[in-house]
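These are the residues of each chain, in order.
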Amino acid sequence: MSKVYVFDHPLIQHKLTHIRDINTGTKEFRELVDEVATLMAFEITRELPLEEKEIETPVTKMTSKVLSGKKIGIVPILRAGIGMVEGVLKLIPAAKVGHIGLYRDPQTLQPIEYYAKLPADVAEREFIVVDPMLATGGSAIEAINSLKKRGAVNIKFMCLIAAPEGVKALQEAHNDVDVYIAALDEKLDDHGYIVPGLGDAGDRLFGTK
Ligand code: PRP
Ligand code: URA
């Protein structure tokens, strides 16, 4: 079974409270999502492999550690996932960015794919799929299906807020994909919205509706 990590870092929790708040406007919402994505990227990259490098300090020669050049791909689920990309890139600037476009049919809540473009060397990359919300799990499951269909083998999923229903569905569908969450909420409402959640992530990020 895949692992689920809920980040309880005080900075993440503090910023998430403001993200949830109905009185937070689009500009601040966007900035906060970006900042939380950076903080989550710091946690998610904890296990990146290192290698030794010979360097010279002003004092002496030494062997020190550098990242061993693992290939990373960030894949936002359009459109709300876009809000998390820059924040992750701040810490992993060499990462390539793929895009998967999905929307939830408002009646059936089923995800419909309308776009997919990934880096060419899919099989060699470790992918981090980003989306602020994991609600029913349908979008994340479909995005990961799409990645696997194109050859991806090493995938993590990172979101701000998840419902227990979505986590369960994602783990059942993809038991090789670890899930990284800033907050695990109570439940879904009858329209598939996370309670208490933050509302519609795409609309709040882009000021639509
Ligand atoms: C939202 C959100 C997720 C999805 C989560 O996107 O950004 O992608 O819903 O719901 P699920 O877990 O039940 O699939 P939405 O479909 O509203 O599209 P948008 O990002 O274009 O607004
Ligand atoms: N998508 C959102 O943007 N918000 C939710 O609460 C659920 C799905």
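Note that the structure is a prediction, hence the values are computed from the model and not measured.

Colleague: Got a sec to walk through unusual backbone geometry? Specific residues and values, please.
Modeller: Here the amide bond leading from leucine 78 into arginine 79 is cis, since omega sits at 0 degrees, within 30 degrees of zero. Take arginine 79: it is sitting in the loop between strand E4 (72–78) and helix H3 (82–91). For leucine 109, which is not glycine, the phi dihedral falls at a positive 65 degrees. Backbone geometry at lysine 209 places phi at a positive 90 degrees, although glycine is not the residue there. With respect to the helices and strands, lysine 209 occurs in the segment after helix H6 (201–206). In this structure lysine 209 comes out as exposed when scored by relative accessible area, which is 89%.

Colleague: Give me the lowdown on the site of ligand 1, citing residues and values where you can.
Modeller: Of all residues adjacent to ligand 1, which total 14 residues, the nearest are Arg104, Asp131, Thr136, Gly137 and Ser139. Residue threonine 136 places a side-chain N or O atom 2.5 Å away from an oxygen atom belonging to ligand 1. Contacts to ligand 1 include serine 139, whose side-chain N or O atom sits 2.6 Å from an oxygen atom. Relative to its unbound accessible surface of 490 Å², ligand 1 loses 89% to contact with the protein.

Reading guide: rules and limits
Residues numbered from 1 in each chain as written. Chains lettered and ligands numbered in written order. Predicted model: local features only at pLDDT ≥ 70, side-chain atom pairs only at ≥ 80, totals over all residues. Heavy atoms only, no water. Helix = DSSP H or I, 4+ residues; strand = E, 2+ residues; numbered from the N terminus. Buried < 20%, exposed > 50% of the residue type's maximum accessible area, 1.4 Å probe, protein only. Near = heavy atom within 4 Å. Polar contact = N/O pair within 3.5 Å; in protein donor to acceptor, adjacent residues only side chain to side chain. Areas by Shrake-Rupley, 256 points an atom, 1.4 Å probe, with all protein chains shown as cover.

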